[in-house]
Amino acid sequence: MGLIRRHPALVPLLLLLPGITWLGSFYLAPNLQMFASSFWSGSLENGFAFSLGNWVNYPNALGTYQEQYLRSIQYGFAATLICFAIAFPLAYFIAFRSGRARSILLFLVVAPFFTSYLLRTIGWRTILGDESIVLGPLKSVGLIDPSARILDTPVSVVAGIAYNFVPFMILPIYVSLEKIDRRLLEAAQDLYASSWGAFRRVTLPLAAPGIFAGSLLTFIPAIGDFVNAELLGNPGTTMIGNVIQRQFLVVRDYPTAAALSFMLMLLILIGVTIYGRLLGTEELTSKAI
Amino acid sequence: MADVDVRLVNVTKKFGDQTAVDGITLDVSDGEFFTLLGPSGCGKTTTLRMIGGFEQPTSGLIELKGEDVTFLPAHQRDVNTVFQSYALFPHLTIFENVAFGLRRSGIKGGEVTRRVGEALELVQLVGFEQRYPAQLSGGQAQRVALARALVNRPAVLLLDEPLGALDLKLRKQMGIELKRIQREVGITFIYVTHDQEEAMTMSDRIAVMNKGRYEQLAGPETLYERPATRFVAGFVGASNLLEGRIGSEGDQWTVTLPSGSTIRAPKSLGDIGATGAIGVRPEKLSLLEPGQESKGNALEGVVVDTSYLGVITQYVVEGAGGLRLLVSEQNVDRTTRNDTWRPGERVTLTWRPEHGFVVGDAVGA
Ligand SMILES: Nc1ncnc2c1ncn2[C@@H]1O[C@H](COP(=O)(O)OP(=O)(O)OP(=O)(O)O)[C@@H](O)[C@H]1O
Ligand SMILES: [Mg+2]
C-alpha cells in the first residue's frame, strides 16, 4: 500500500498487469512464434529452418489460395449483411417496443449459446436437408423442383454463418439503441421531423457505434470461420479458415498455414480501418456519450 | 383584448384510471407570458405535452390560433418546446442543434446561417457553434435549448421547468434573461414551474394548478393579494387562514373563531361560500402592546418564536385555542417599539379588514 501511495503512477500499471500477462503469454508469444514460422522452410519430418529469404511463402500461399480468400470475403460480407438485416429491426423492437417482454426476448437472443456451436450447426443439416421441413413441403406441393437443394451449397454455408453470428450483431445494436434518450426523439419531432426524419437524423446516427461494433463482431469471425463451410458446404465452398485448419492440422505445412493466417489478419485490419473511417465511428463514440 | 393564441376547452387526460388533467379550459393571449404553477404531479407537464402534440387528450379540444390541433402530430404544430432535460442532440454541434428545425422546414444555406447566428446572439452564445452539447455547462445547454426552439419563430413556445436543473443564483439570472428574451421576440410563452417565486417574477398570468385542474387564473398581484382558494393561499406565498363560523354583517363577511373572537372582511374581496375562510398575509399584520388601539380586526396572543431575517423579522404568535399566526415586520419600521418582540410577550395582532382576503369553497369539492 505504501508503495502505491508514494508512486500513484503505478496504479494503472498494476491494473493492467493481469491483462498484459495473459495477452503476453497467450496472444503475443504464440503470434510471434507463428510469425517466425511463416519464414520457415522444410517439413515436419526433416525439420524446419528459419530464413528471411522464405518471405516467398507469402506470395506462394496467396497465389495458391486467393480463390479461398476471395470466397471468405464474399461469404463474410453476405453473412454480415444478412445479420444486419435481421438484427437491426429485432434490436429496435426489443429496445423500443417490447415492454415487459424485453428480458425474455434478450434471453432468447443468447439462448442458442447454451448449446454447442458444432451441435447447432449440425442441426442445420437436418433443417436444410433435401427432404427437410423447409424443402419437403415445397417439393411435395410442386412449388420447387424435386432435385433442388440448399444443403452443401454456398447458400447453406452463408445461412449457417449468419445464424451462428447474429447474436453478436443484435446485442451491440440493442445496447446502443437502448441508451438513446427517448426525449431526443420527441425533441426531433418537436422540431418538425417526421417519425422517419427523427429515425434518420437521431436514432440511426446514435446507433452507429453499435452497428459498427456489431458488424465487426460478425464479420471478423465470419471471414475466418471454417465450421460452417465444413459442415454445411461442399469442396467448392472451401473458405480460407478451412485451408488454414487443414494446413496446420492435416498437412502440417506450418509455414504456409502461418503465412495464410497473417495475411488474413492483415486483410481484416485493413478492412476494419477503412470501415471505421467511412463510418466516422471514432467521433461518434466519443461524442454520443 | 389581444388575439387568442392557445385555447384549451375542457381538456382531460387519463392514464388508465388515473386522471392527470381534469377538464381544463383556458385561453392564452398572443404575446403573453403564461405560467402553469403547481406542485409535483398536478398535471402541468401533461397539459404542456398535449399542447405540444406529444400526448393526445382523452377528451376536449385544443386550438392554436383558432385552428383545431387536438389530433395534429407534434411535427406539424407551429409550437416548439424547451424540454426540462434540454434534450440536445449529442451527436450534433451547437450550430446543427439550433439549425435542426430550420433544416426540417426546408430552409437552406445562408438563411440557416443567418438565423442560427441571430438565435445564438439572442442567448449570448456566439462562438459556441462548433462545440458539442457535452462540452457545455448547464446554463449554456439551457440557452442552446432555448435558441433551438426560438430560431423557428413558433407561434407559441412551451417551456417545461427550463430552469429546474440550475442552481439558485443561475436560475434567478436566467429567469430575468428569459423574460427579456420573451419581450424581445414577442412570442407567446407557456411556462411550467413549481417554483412560485419564479412564476411571480416572470408571468403576465398564472394558472395555479392542483390535482389536474387550476384553482385560480390571475396575474401575480391578484394571486398574492386575493388568493381565491385555500390551496392558492398556501401555495403562493405564506398566509394565515382563519376558520370558524361564517356570517354576514352588512357589506362584510364575519368569521367567528372557536375562541369567540370575530373578524371581518369586506364582501368586495370575494365570495366566502359555505366553507370558506378569511385570510391575511403575514406582512399585513401589526403587533401592538395589549390594549393599544387596533385597526379593525384584532386578536390577542403570545409570541412563541422570533426569527430575525435581515429585511424582516418573523414572529409566530399563538392566540387563544392554539391558533398560530405568522407575522412579518419590516425591520426599518419598528414604530411601536425599538426592539423585536421576544418569545413569551403578550401582544395584540391587528389588521384592517380590507387588507385580508377571502377564500371560497375548494374547487371541485
Ligand atoms: N405516461 C404516463 N403514464 C401514466 N401516468 C402518467 C404518465 N404521465 C403522467 N402521469 C401521471 O399523471 C399525473 C400528472 O403528471 P405530470 O407529469 O403532468 O405532473 P407535473 O405537474 O408535471 O409534475 P412535476 O412537477 O413532478 O413534473 C401524475 O400523477 C403522473 O403520475
Ligand atoms: Mg413535470
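Our structure's up above, just so we're on the same page.
Treat the numbers as computed from the prediction; the structure is a model and nothing was measured. (Residues numbered from 1 in each chain as written. Chains lettered and ligands numbered in written order. Predicted model: local features only at pLDDT ≥ 70, side-chain atom pairs only at ≥ 80, totals over all residues. Heavy atoms only, no water.)

Draft legend 1. Seen up close, the overall build of chain A. If you tally the helices and strands in chain A, you get 13 helices and 2 strands. Relative to a compact globule of 289 residues, whose C-alpha radius of gyration would be 19 Å, chain A shows 24 Å and is clearly more extended. Once the C-alpha set of chain A is aligned to its principal axes, its extents read approximately 80 × 75 × 35 Å. Across the 289 residues of chain A, 40% fall into the buried class. For chain A, long-range pairs separated by at least 24 residues make up 67% of all intrachain contacts whose partners lie at least 6 apart in sequence. A total of about 16100 Å² of accessible surface is found on chain A, and carbon and sulfur atoms cover 71% of it. Of the charged side chains in chain A, 19 are positive and 15 negative, and the gap between their average positions amounts to 10 Å. (Helix = DSSP H or I, 4+ residues; strand = E, 2+ residues; numbered from the N terminus. Rg over C-alpha atoms; globule rule 2.2 N^0.38 Å. Buried < 20%, exposed > 50% of the residue type's maximum accessible area, 1.4 Å probe, protein only. Contact = heavy atoms within 4.5 Å. Areas by Shrake-Rupley, 256 points an atom, 1.4 Å probe, with all protein chains shown as cover. Lys, Arg positive; Asp, Glu negative; His and termini not counted. Charge placed at Lys NZ, Arg CZ, Asp CG, Glu CD.)

Draft legend 2. Here's a closer look at the pairing of strand 12 (residues 245-249) of chain B. Judged from the 5 bridges that link them, strand 12 of chain B and strand 13 (residues 252-256) of chain B form a sheet pairing that is antiparallel. Opposite Ile 246 of chain B, over in strand 13 of chain B, you have Val 255 of chain B as the bridge partner. (Pairing = 2+ DSSP bridges.)

Draft legend 3. Highlighting the site of ligand 1. All names here are of chain B. Around ligand 1, the surrounding shell consists of Phe 15, Gln 18, Ala 20, Pro 39, Ser 40, Gly 41, Cys 42, Gly 43, Lys 44, Thr 45, Thr 46 and Glu 161. A distance of 2.6 Å separates an oxygen atom of ligand 1 from a polar side-chain atom of Thr 45. At a separation of 2.5 Å, an oxygen atom of ligand 1 approaches a polar side-chain atom of Thr 46. Computed on the free molecule, ligand 1 has an accessible area of 640 Å², of which 62% lies beneath the protein chains in the complex. Only strand 2 (18-29) and helix 1 (44-52) provide two or more residues apiece to the shell around ligand 1. Of the residues forming the shell around ligand 1, the biggest block, 3 residues, is contributed by helix 1. Residues that form the shell around ligand 1 fall into these classes: 4 nonpolar, 6 polar and 2 charged. (Near = heavy atom within 4 Å. Polar contact = N/O pair within 3.5 Å; in protein donor to acceptor, adjacent residues only side chain to side chain. Nonpolar A, V, L, I, M, F, W, Y, C, P; charged D, E, K, R; others polar.)

Draft legend 4. Representation of the nonpolar core in the model. Membership of the largest hydrophobic core comes to 45 residues, with the highest contact counts inside it found for Ile 161, Ile 173, Leu 177 and Val 202 of chain A together with Phe 89 and Phe 100 of chain B. When residues of this core are traced back to their parent elements, those giving at least two are helix 3 (57-97), helix 4 (102-110), helix 7 (154-178), helix 8 (182-190) and helix 9 (195-224) of chain A. Per element, the largest residue contribution to this core is 11 residues, and it comes from helix 7 of chain A. Apart from the residues lying within four places of it in its own chain, the contact partners of Leu 177 of chain A are Phe 88, Ala 91, Tyr 92, Ala 95, Phe 96, Arg 182, Thr 203 and Ala 207 of chain A. (Core = buried A, V, L, I, M, F, W, Y, C linked by side-chain atoms within 4.5 Å.)

Draft legend 5. The sheet that holds strand 20 (residues 346-351) of chain B, seen in detail. All names here are of chain B. Read across the sheet, 5 strands follow the order 16-20-17-18-19 without closing on themselves; strand pairing throughout is antiparallel. Bordering the open sheet on either side are strand 16 (286-288) and strand 19 (324-330), each of which pairs with just one other strand. Pairs of neighbouring strands in the sheet enclose a mean axial angle of 45 degrees, with direction left out of account. Direction of pairing for strand 17 (residues 297-308) relative to strand 20: antiparallel, over a ladder of 6 bridges. In the strand pairing of strand 20, Leu 299 is matched with Leu 349. (Axes fitted to C-alpha atoms, helices over the stretch in contact; angles between N-to-C directions.)

Draft legend 6. Just the packing of aromatic side chains, in detail. Taken as a whole and assessed by the stated rule, the structure comprises 25 aromatic pairs over all chains. Ring plane angle 50 degrees and centroid distance 4.7 Å describe the contact between Trp 22 of chain A and Phe 26 of chain A, whose orientation is recorded as tilted. With a gap of 4 residues between them, Trp 22 of chain A and Phe 26 of chain A both fall in helix 2 (residues 10-37), about one helical turn apart. As far as the burial class goes, Trp 22 of chain A and Phe 26 of chain A line up, both exposed. What links up through ring pairs into an aromatic cluster is the set Phe 84, Phe 88, Tyr 92, Phe 96, Trp 196 and Phe 199 of chain A. Its end group placed over the ring of Phe 100 of chain B, Arg 104 of chain B keeps NZ or CZ at 4.7 Å from the ring centre. Stacked on the ring of Trp 253 of chain B, the Lys or Arg Lys 267 of chain B has its end atom at 5.0 Å from the ring centre. (Phe/Tyr/Trp six-rings, centres within 6.5 Å; stacked < 30°, edge-to-face > 60°. Lys NZ or Arg CZ within 6 Å of the ring centre and 35° of its normal.)

Draft legend 7. Region of the structure containing the environment of Pro 39 of chain B. All names here are of chain B. Its location among the elements puts Pro 39 in the loop between strand 3 (33-37) and helix 1. For Pro 39, a relative accessible area of 23% gives the class partly exposed. When residues no more than four places from it in sequence are discounted, the contact partners of Pro 39 are Lys 44, Met 209, Phe 231 and Phe 235.

Draft legend 8. Structural detail: the interface of chain A and chain B. Contact with chain A, which involves 18 residues of that partner, is made by 24 residues of chain B. Of the roughly 2100 Å² buried at the junction of chain A and chain B (both faces included), carbon and sulfur atoms supply 63%. Considering only the surface of chain A that becomes buried against chain B, Asp 190, Leu 191 and Tyr 192 of chain A emerge as the three largest contributors, covering 37% of it. The interface formed by chain A and chain B holds 1 salt bridge in total. Here chain A and chain B share 7 residue pairs in polar contact (both at pLDDT 80 or more) between them. (Buried area = accessible area lost by both parts, 1.4 Å probe. Salt bridge = Lys/Arg side-chain N within 4 Å of Asp/Glu carboxyl O.)

Draft legend 9. Spatial organisation of the pairing of strand 1 (residues 40-43) of chain A. Residues and elements named next belong to chain A. As defined by bridge partners, strand 1 adjoins strand 2 (residues 47-50) across 4 bridges and the pair is classed as antiparallel. In the strand pairing of strand 2, Ser 41 is matched with Ala 49. Hairpin connection of strand 1 to strand 2: 3 residues between the antiparallel strands.

Draft legend 10. Looking closely at the environment of Gly 42 of chain A. All names here are of chain A. Looking at the element boundaries, Gly 42 is found in strand 1. Classification of Gly 42 as exposed rests on a relative accessible area of 53%. When the C-alpha positions of Gly 42 and Val 166 are compared, they lie 42 Å apart, and in sequence the two are 124 residues distant. The residues touching Gly 42, leaving out its near neighbours within four places in the chain, are Gly 47 and Phe 48.

Draft legend 11. Looking closely at helix 5 (residues 168-185) of chain B. Residues and elements named next belong to chain B. In this model helix 5 runs 26 Å from its N-terminal to its C-terminal C-alpha over 18 residues, within 8% of the 26 Å that 1.5 Å per residue would give. Restricting attention to buried positions, one finds in helix 5 the residues Met 174, Gly 175, Glu 177, Leu 178, Lys 179, Ile 181 and Gln 182. Along its buried surface, helix 5 packs onto strand 3, helix 3 (109-122), helix 4 (138-150), strand 7 (156-160), strand 8 (188-193) and helix 6 (196-202). One or two residues past the end of helix 5 sits Gly 186, with phi positive at roughly 65 degrees. (Expected span 1.5 Å × (residues − 1).)

Coordinates in, geometry out; function isn't part of it.
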